Amino acid sequence: MTAISLKKTHREYERALTAVFGLLIRGGVRHGAISRLSDRAFKSAIANAQTLGDSGSGELATLSLVLDAWHRDRRYLTGAGKPKAVPLRGPAPSVEALVRQEGPQCDATELVYRILSLRLIVPCSSGNRYRPTGDAALVSVCGPTILQYAARCVVSLLATVEDNLRGAASVPPLLERFAEVPDLPAECIESFRQFSRFQGAIFTRTINDWLETRRARSSADDSRKHVRAGVHVHAYIAQAGAPIRLSKGAKRSSA
């Protein structure tokens, strides 16, 4: 990991910890109790830590945009609407050109090879052209990319909870809900995995399509204010009696 990418990851986790501590303080938890809680959690984390590989620097959002554009941009589609096989480097259409288009702030060369190392693209039979494995960045390699992703998820969720708590009555709250039962039979776990994955894919694709059609593509004369907006969905399975983890789904939280 480079010094710059390490700094970015640290910054994301600092924001996550600040958000967590802020909620505890506003909830009336005393500073001493938070300090003791933090010490215990830190010791538990050390005891359960796993070695992480050095892959990625937190550009998961850009990786997702690259794969999504590969399934939308006509230059990257076949006549049947399928993603074309394109070279890794060079002018459009290429993986490098897509990275420059969707992540101009990133090191294009570095990110191209990160996409390859994360197995988000695969070589075709010719060997010098590549196709995406899907239209979403499903990363299975644990490393800095996942670290920053997890931190941003925590920060986004906590920010939504706080905004909804202090929002004006006249302003509709942002989506922040969960659907859970305490007694799902264990034999239904696999069915739940498949059902939630299928329904989640439809929901996120619909939201993504809406967002994509309204993006303010970079322009020198575009002076409008821009914000980062989106929806994060996750399913969970926990042992009976385990702490509840929020998931955005069907019922509004009372928190």
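What you see is a predicted model, and the numbers here were worked out from it, not measured in a lab.

## Thoughts on the overall build of the chain
Moving on, step 1. Each helix and strand in the chain was counted, giving 7 helices and 4 strands.
Moving on, step 2. In sequence order, the chain lays out its α and β elements as α-α-α-α-α-β-β-α-β-α-β.
Moving on, step 3. Counting the 255 residues in the chain, one finds 27% classified as buried.
Moving on, step 4. Split by element, the accessible area of the chain, about 17,000 Å² in all, is 58% carbon and sulfur.

## Quick look at the pattern of salt bridges
Moving on, step 1. On inspection of all chains with the given rule, the structure shows 13 salt bridges.
Moving on, step 2. The residue Arg 72 makes a salt bridge to Asp 209 at a minimum N-O spacing of 2.4 Å. A residue pair is termed long-range when its members are at least 10 positions apart, and Arg 72 in the loop between helix H3 (60–70) and helix H4 (95–102) and Asp 209 in helix H7 (residues 189–212) qualify at 137 residues.
Moving on, step 3. Shared partners join several salt bridges into a network, and the residues in it are Asp 68, Arg 72, Arg 205 and Asp 209.

## Focus on the nonpolar core
Moving on, step 1. In this structure, Leu 63, Trp 70, Val 95, Val 99, Ile 115 and Ile 121 are the most contacted members of the largest nonpolar core, which totals 22 residues.
Moving on, step 2. The set of elements that each furnish at least two residues to this core consists of H3, H4 and helix H5 (108–117).

## With respect to the packing of H4 against H5
Moving on, step 1. Contact geometry of H4 with H5 gives a least axis separation of 9 Å together with a crossing angle of 120 degrees. In terms of orientation, H4 lies oblique with respect to H5. Where H4 crosses over H5, the two elements pack in a sense that is right-handed. Across the interface between the two elements, Val 95, Glu 96, Val 99 and Arg 100 of H4 pack against Ala 108, Thr 109, Leu 111, Val 112 and Ile 115 of H5.
Moving on, step 2. Residues belonging to the contact of H4 with H5 are distributed by class as follows: 6 nonpolar, 1 polar and 2 charged.

## Re H3
Moving on, step 1. Most of H3 is tucked away: 8 of the 11 residues are buried.
Moving on, step 2. When we look at burial in H3, the residues that qualify are Leu 60, Thr 62, Leu 63, Val 66, Leu 67, Asp 68, Ala 69 and Trp 70.

## Focus: the confidence of the model for the chain
Moving on, step 1. The predicted model of the chain has a mean per-residue pLDDT of 78, with 78% of residues at 70 or higher.
Moving on, step 2. Of all helices and strands in the chain, the one with the weakest mean pLDDT is strand E4 (residues 251–252) (38), whereas H7 scores best (92).
Moving on, step 3. Long-range and interchain partners of residues 50–58, a stretch whose pLDDT sits below 50, account for 26 contacts in this model, where long-range means more than four residues apart.
Moving on, step 4. Low pLDDT, under 50, characterises residues 242–255; the stretch is placed with 39 contacts to residues that sit more than four places away or in other chains.

## Thoughts on the packing of H3 against H4
Moving on, step 1. Taken N-terminus to C-terminus, the directions of H3 and H4 make an angle of 120 degrees; their axes are 9 Å apart at the nearest point. Classed by the angle they form, the pair H3 and H4 counts as oblique. Here the hand of the crossing between H3 and H4 comes out right-handed. Of H4, the residues touching H3 (which contributes Thr 62, Leu 65, Val 66, Ala 69 and Trp 70) are Val 95, Leu 98, Val 99, Gln 101 and Glu 102.
Moving on, step 2. Of the residues belonging to the contact of H3 with H4, the class tally is 7 nonpolar, 2 polar and 1 charged.

Thresholds applied
Residues numbered from 1 in each chain as written. Predicted model: local features only at pLDDT ≥ 70, side-chain atom pairs only at ≥ 80, totals over all residues. Heavy atoms only, no water. Helix = DSSP H or I, 4+ residues; strand = E, 2+ residues; numbered from the N terminus. Buried < 20%, exposed > 50% of the residue type's maximum accessible area, 1.4 Å probe, protein only. Areas by Shrake-Rupley, 256 points an atom, 1.4 Å probe, with all protein chains shown as cover. Salt bridge = Lys/Arg side-chain N within 4 Å of Asp/Glu carboxyl O. Core = buried A, V, L, I, M, F, W, Y, C linked by side-chain atoms within 4.5 Å. Axes fitted to C-alpha atoms, helices over the stretch in contact; angles between N-to-C directions. Parallel < 35°, antiparallel > 145°, perpendicular 65-115°, else oblique. Left-handed = near helix turned anticlockwise from the far one by under 90°. Contact = heavy atoms within 4.5 Å. Nonpolar A, V, L, I, M, F, W, Y, C, P; charged D, E, K, R; others polar. pLDDT = per-residue confidence, 0-100.

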